[in-house]
Amino acid sequence: MKTAAYIGVALAAVLTVACSRDADTSKTEESQPSASADFQKQLLKQLISAQPGDVIEIPAGRFQLNRSLSLNVDGVTIRGAGMSESVLSFKDQIQGAEGLLVNASDFTIEDLAIEDTIGDALKVNEGENIIIRNVRVEWTNGPSTDNGAYGIYPVQTKNTLVEGTVAIGASDAGIYVGQSRNVIVRNNRAEYNVAGIEIENTIGADVYGNVATNNTGGILVFNMPNLPQPGHSTRVYNNRVFKNNTDNFGHEGTPVAAVPAGSGVVINSNDLVEIFDNEISDNDTANIIVSSYYTSGFYSDKSTQDDFDPYPESIYIYGNQFSGGGKSPDHLELKALKLAKFGLGGSLPDILWDGVVNPEKLVDGELPEKLRVCVDNGEAGIVNVDAANDFKNISTDITPHSCSLKKLPQIVLDFDSPAGEGDEIAQAEAADA
Amino acid sequence: MHKLFWGGVLALALAGCEASREQVVIHGRDAVPERLSDWHIVEVIDGELSLNAGVTPYDLNTQLFTDYAHKLRTVWMPAGSSARYAEEAFDYPVGTVLSKTFYYPKAGGGGVLRTADYSADFSRSGLDLDNVRLVETRLLVKREDGWQALPYVWNAEQTQATLEIAGDAIPMQLVDGEGGSNAFTYVVPDANQCAGCHADNHTNKAIRPLGPRARHLNKEYPHKLGSYAEGAQNQLLHWQQIGYLSELPELAAIPRNASYSDTGFPLEERARAYLDINCGHCHNPAGPADTSGLMLHRAEQDQRRLGLCKPPVAAGTGSGNRRFAVVPGHPEESILSFRVESTDPGAMMPELGRSLVHEEGVALLREWIAGMPGDCL
């Protein structure tokens, strides 16, 4: 049974009036500090005292918070009046590594914005049945290394839906799903992050209907070593991934700091990944990059657990619409490569592969078909830069990639309604935001 | 200095002898009083924070750093009940109340004093409120269904502490012995944030006491009433003696963390003890920081999981533009050093419980890393 837990009505009314014009003039108007302090205390108390089934409503208005919020109770919904209407701003945050930290299952958050957190905006650490819907996370001063790391950050979750969200300005990933299982990321918009959308060490993810633009890298599917769960089985489809050419502003040492600016879709060290039916265009380094941990920029024998699989295997690329891209690659060696191989006015092919394969899995000098990077994508070309041999045998031969792989199953979430009207609304809202 | 400190605590332990005092009251989970005094665990009486009968002070080999606050820890159990010994975590009886009072010695001009010297904190039978400023008292109460964490914040008059489940932020001025002064905000965590540290198993999310465990308690401490000459007693033996601990094995078989500041212990043990109490509650295989792959609890033996040449996973700003958690020989290149030296809430470690850098702890970790052989590349 659901009980609505409202923030003090009088307080909400005051704030709504005071902030009703803030949607458009948010940077010049601040709500009264004392009112926000009361709001913060009320909200903290609601979160702490929440009972399963509660709906915590965030009224319209712009609220300044200076401390991290957290929720530890299962079955709670946090709901605002819209991602432009209900804004939690952490501009002067003095404490906490997140805006909102959730350690709970059966959690829904929707229709609000979290801005300018000092660390991550929304982190969900362990839990099942997580819905993050129509939430905007944003660092309002544009891309900056000083911005918090992750926008929307479910980690070690099971059955997770991220939809209709907007993520802007994260110094690591706008939307980052890590070490999770059974995930849908759809109809979101990620802009001006280092990584727009990142799926890492996750088993079973469908990433579709998203727009990723103006990030350093649009959509990333990574595996990192030294973690309990290696990931596999991600489908990236029906997304629009274009002009992800923002200079990398990640912190050196973080995995995404090694991503070249101008990367559309990047697969690193992950297996069983399908990229199909996307529109991928004008990403200046390459529209798709497939690479191993060895070329991620921070590999060393000493830094990696012994049983880590650094090779991307069973990668299937088909039916995408490519245009532009590859004209002005980031990273010196790629610039040199482009110039030498494709000329001043030329461009790298749509797919850039580091060419590093597991020598133990070669049969007669070749990878078995089921482990290859398979490309069935019309005219799209691939360049194997032969990174393992210092770029000696660069090849654009598509023949070894003329193969097909068994398609991955669709991800199904029990709580998810069938695709239809709801999706269109979410998509329209995401586009409007 | 130690002599004076022990003397103070000894006096404190005598406090329970006052006859007129109400007994400890165990309020229900859903009927928690607004006022700390209603528990009758610790109360302000005659200018002192004094302990009730059976409320027993204890100390840890190495404690968690909280902005140079001094801490008075106590344990109380219902008559006839006792905790059952286990190496990792005791099984405390329902009704156990642990208290931890955070306070500072007063400096002139309304500031608080940064000092490791506890000797002036105590008067005849409690904390001397002429000399110390109380900040907060946290209770952990063992219920049928697990522990409940309750933060109480002391008022400016130092007469009463009130339940503040939303925590608090208190501007303070820290004054050191050499005339230096440092403004900071002391942040009282909210009740959920208590779980951020105390739910060291993040999957079942159960709150547990962190300090009162065998390896932290295994030290001499002057509980024993009687002449000072008889001195201190091992805390675990004392708990057993007063009926608070059962199934205690031979002392020799009980793990013991080093005191991080006692150079009589090997550097490695001191650093690991410091990491264990300050970091291990999150950085353990079941803890909330297991997402990072960095494990800093006492039992960890794998060097890479301990950070050696380990690249970060999701450190973000916390990487400090450094490539590995621990670079042997080079604290200035190690993410671990960067994070404990930071006061940026988005980068610092631990994430909660401090606004200041623990200079002595940082120095210890730097020395530990500087002494490691090898390299990462």
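Keep in mind the model is a prediction, meaning the values are calculated, not measured. Position numbers for residues start from 1 in each chain and track the written sequence from start to end. To read the labels, note that chains go from A and ligands from 1, taken in the order they are written. In keeping with the model being predicted, local features are shown solely for residues with a pLDDT of at least 70 and side-chain atom pairs are shown and tallied solely at 80 or more, while totals for entire chains, interfaces and linings include all residues. Hydrogens and water are ignored here; the side-chain numbers use all heavy atoms of the structure.

**Brief notes about the overall build of chain A**
Just so we agree on the cut-off: To qualify as a helix, a DSSP run of H or I must reach at least 4 residues; to qualify as a strand, a run of E must reach at least 2; elements of each kind are numbered from the N terminus. Accessibility here uses a 1.4 Å probe with only protein chains present; expressed as a share of the type maximum, an area under 20% marks a residue as buried, one over 50% as exposed, and anything in between as partly exposed. In this analysis, two residues are considered to be in contact whenever any of their non-hydrogen atoms come within 4.5 Å of each other. Note on areas: Shrake-Rupley with a 1.4 Å probe; residue coverage comes only from the protein chains shown.
Counting its regular elements, chain A contains 5 helices and 29 strands. A total of 433 residues make up chain A; the buried ones form 62% of that total. For chain A, restricting intrachain contacts to residue pairs at least 6 apart in sequence, the fraction spanning at least 24 positions comes to 66%. For chain A, the accessible surface area stands at approximately 16100 Å², while carbon and sulfur atoms represent 49% of it.

**A few points about the sheet that holds strand 9 (residues 132-143) of chain B**
All names here are of chain B. The line we're drawing: Paired strands, as defined in this entry, are two strands with at least two bridges between them according to DSSP. Structural elements are reduced to axes, namely lines fitted to C-alpha atoms, with helices fitted over the stretch in contact, and the angle between N-to-C directions of any two is expressed from 0 to 180 degrees.
One open sheet accounts for 6 strands, arranged 3-4-6-9-10-11; its pairing is antiparallel. The sheet is open, and its two borders are formed by strand 3 (56-58) and strand 11 (161-163), each paired with just one other strand. Taking the axes of each pair of neighbouring strands and ignoring which way they run, one obtains an average angle of 30° across the sheet. With 3 bridges connecting them, strand 3 and strand 4 (residues 70-76) associate as antiparallel partners. The residue of strand 4 that forms the bridge with tyrosine 58 is arginine 73.

**Points about the interface of chain A and chain B**
Applied cut-off: Throughout, the accessible surface (probe 1.4 Å) given up by two parts as they are put together, summed over both, is called the buried area. Salt bridges are defined as contacts in which a side-chain nitrogen from Lys or Arg sits within 4 Å of a carboxyl oxygen from Asp or Glu. Two N or O atoms form a polar contact when they lie within 3.5 Å of each other; inside protein one atom must be a possible hydrogen donor and the other a possible acceptor, and for residues adjacent in sequence the pair counts only when both atoms belong to side chains.
Facing 52 residues of chain A, the contacting portion of chain B comprises 46 residues. Between chain A and chain B, the buried area comes to about 3900 Å², and carbon and sulfur atoms account for 50% of it. Looking at the side of chain A facing chain B, the largest losses of area belong to A:Ile48, A:Arg67 and A:Lys302, adding up to 16% of the total buried there. Here chain A and chain B share 3 salt bridges between them. Here A:Lys302 ties to B:Asp375 by a salt bridge, and the two come within 2.6 Å at their closest N and O atoms. On inspection of chain A and its partner chain B, the count reaches 20 residue pairs in polar contact (both at pLDDT 80 or more). Within the residue set of the side of chain A that touches chain B, elements represented by two or more residues are helix 3 (33-49), strand 4 (67-71), strand 7 (95-102), strand 9 (120-138) and strand 10 (150-163) of chain A.

**Topic: the environment of A:Val194**
Residues and elements named next belong to chain A. Here valine 194 lies in the loop between strand 14 (189-191) and strand 15 (195-200). Between the C-alpha atom of valine 194 and that of asparagine 320, which follows or precedes it by 126 residues, the distance is 23 Å. Not counting residues within four places of it along the chain, the set of residues in contact with valine 194 comprises Ala170, Ser171, Asp172, Asn215, Thr216, Gly217, Asn248, Phe249, Gly250 and Val256.

**What about the packing of aromatic side chains?**
Definition in use: Classification of ring pairs uses Phe, Tyr and Trp, with its six-membered ring standing for Trp, and accepts pairs whose centres are within 6.5 Å; under 30 degrees between planes counts as stacked, over 60 as edge-to-face, and the remaining range as tilted.
Considering all chains together, one arrives at 19 aromatic pairs over all chains under this definition. Seen in terms of ring centroids, A:Tyr208 and A:Tyr237 are 4.9 Å apart; in terms of plane orientation they differ by 15°. Their pairing is stacked. With A:Tyr208 in strand 16 (residues 203-208) and A:Tyr237 in strand 19 (residues 232-237), this residue pair connects regions lying 29 residues apart in the sequence. Of the two residues, A:Tyr208 and A:Tyr237, neither departs from the other in class, the shared state being buried. Relative to A:Tyr318, the ring of A:Phe276 has its centre 4.9 Å away and its plane inclined at 0°; by these criteria the two rings are stacked. Of this pair, A:Phe276 sits in strand 22 (residues 271-276) while A:Tyr318 sits in strand 25 (residues 313-318); the two residues are 42 residues apart in sequence, bridging distant segments of the chain. What makes A:Phe276 buried here is its relative accessible area of 9%. Aromatic ring contacts, followed pair by pair, group B:Tyr58, B:Tyr85, B:Phe90, B:Tyr92, B:Trp147 and B:Trp239 into a single cluster.

**Focus: helix 2 (residues 191-198) of chain B**
Within helix 2 of chain B, 7 of the 8 residues are buried, which leaves the element mostly enclosed by the surrounding structure. B:Ala191, B:Asn192, B:Gln193, B:Cys194, B:Ala195, B:Cys197 and B:His198 are the residues of helix 2 of chain B that are buried.

**Brief notes about the state of the cysteines**
Put simply, the rule is: Two cysteine sulfur atoms make up a disulfide if the distance between them is within 2.5 Å.
Applying the stated rule across the entire model yields 2 disulfides over all chains. The disulfide bridge from A:Cys374 ends at A:Cys403, spanning 2.0 Å between sulfur atoms. Looking along the S-S bond of the A:Cys374-A:Cys403 disulfide, the torsion reads about -110°, which is the left-handed sense. Taken together, the residues span a long stretch of sequence, with A:Cys374 in strand 28 (residues 373-376) and A:Cys403 in the loop between strand 29 (382-384) and helix 5 (421-432) at a distance of 29 residues. A:Cys403 shares its class with A:Cys374; the two are buried. Paired through a disulfide, B:Cys309 and B:Cys376 show a sulfur-sulfur distance of 2.1 Å.

**Let's talk about the side chain of A:Glu110**
Looking at the element boundaries, A:Glu110 is found in strand 8 (residues 107-115). Contact partners of A:Glu110, with chain neighbours within four places excluded, come to A:Thr77, A:Ile78, A:Arg79, A:Gly80, A:Arg133, A:Asn134 and A:Val135.

**Describing the pattern of salt bridges**
Residue and element names in this part refer to chain A. The final tally for this structure, using the stated rule, is 32 salt bridges over all chains. Between lysine 91 and aspartate 116 there is a salt bridge; the shortest N-O distance is 3.4 Å. Pair noted here: lysine 91 is in the loop between strand 6 (86-89) and strand 7 and aspartate 116 is in the loop between strand 8 and strand 9, with a separation of 25 residues, a long-range link. For the salt bridge of arginine 133 with glutamate 163, the shortest nitrogen-to-oxygen distance reads 3.1 Å. Remark: glutamate 163 occurs in strand 10 and arginine 133 occurs in strand 9; sequence separation between them is 30 residues.

**Section: the side chain of B:Ser123**
Inspection of the secondary structure puts B:Ser123 in the loop between strand 7 (112-113) and strand 8 (126-128). In terms of polar contacts, B:Ser123 uses its side chain to reach the side chain of B:Glu48, at 2.5 Å.

**Looking at the sheet that holds strand 12 (residues 168-175) of chain B**
Residue and element names in this part refer to chain B. With mixed pairing, the 3 strands of this open sheet are ordered in space as 7-12-13. The sheet terminates laterally at strand 7 and strand 13 (181-188), the two strands that pair on one side only. Inspection of the sheet shows strand 12 paired to strand 13 by 8 bridges, in the antiparallel sense. For isoleucine 170, the partnering residue across the bridge sits in strand 13 and is tyrosine 186.

**Regarding the pairing of strand 6 (residues 97-105) of chain B**
Residue and element names in this part refer to chain B. For strand 6, the buried fraction is high: 8 of the 9 residues fall into the buried class. Pairing of strand 4 with strand 6 involves 7 bridges; the strand directions are antiparallel. Paired with valine 75 across the bridge in strand 6 is leucine 98. Taken together, the 9 bridges between strand 6 and strand 9 define a ladder with antiparallel strand orientation. Looking across to strand 9, one finds that proline 105 is bridged to valine 132.

**Here's the deal with the pairing of strand 21 (residues 263-268) of chain A**
Residues and elements named next belong to chain A. With 6 of its 6 residues buried, strand 21 lies for the most part within the structure. As paired elements, strand 18 (residues 217-222) and strand 21 share 5 bridges and run parallel to each other. Paired with phenylalanine 222 across the two strands is asparagine 268, which belongs to strand 21. As paired strands, strand 21 and strand 24 (residues 286-291) are joined by 5 bridges and run parallel to one another. Bridging across to strand 24, isoleucine 267 finds its partner in valine 290.

**Some points on the nonpolar core**
Cut-off, in case you're wondering: By nonpolar core we mean a set of buried residues, namely Ala, Val, Leu, Ile, Met, Phe, Trp, Tyr and Cys, connected to one another through side-chain atoms within 4.5 Å.
Counting 66 residues, the largest nonpolar core has A:Ile78 and A:Ile317 as its most contacted members. Sequence-distant contacts of A:Ile78, defined by excluding residues within four places in its chain, comprise A:Leu47, A:Ile56, A:Ile58, A:Leu100, A:Phe107, A:Thr108, A:Ile109, A:Glu110 and A:Leu112. Counting 54 residues, the second largest nonpolar core, distinct from the first, contains B:Tyr118, B:Ala149, B:Ala161 and B:Tyr244.

**Side note on the environment of A:Gly80**
Residue and element names in this part refer to chain A. Summarising the element assignment, glycine 80 is placed in the loop between strand 5 (77-79) and strand 6. Owing to a relative accessible area of 13%, glycine 80 belongs among the buried residues under this scheme. The residues touching glycine 80, leaving out its near neighbours within four places in the chain, are Ile58, Ser86, Glu110, Asp111 and Leu112.

**Regarding the packing of helix 5 (residues 267-279) of chain B against helix 7 (residues 359-370) of chain B**
All names here are of chain B. Operational definition: If an angle is under 35 degrees, it is roughly parallel; if it is over 145, roughly antiparallel; if it lies from 65 to 115, roughly perpendicular; otherwise it is oblique. Should the near helix be turned counterclockwise from the far one by less than a right angle, the crossing is left-handed, whereas a clockwise turn marks it as right-handed.
Their axes nearest at 9 Å, the elements helix 5 and helix 7 cross at an angle of 130°. Classified by the angle between their axes, helix 5 and helix 7 sit oblique to one another. Once helix 5 is placed against helix 7, the crossing between them reads as left-handed. Residues Leu267, Glu268, Arg270, Ala271, Arg272, Tyr274 and Leu275 of helix 5 form the contact with helix 7, whose participating residues are Gly361, Leu364, Leu365, Glu367 and Trp368.

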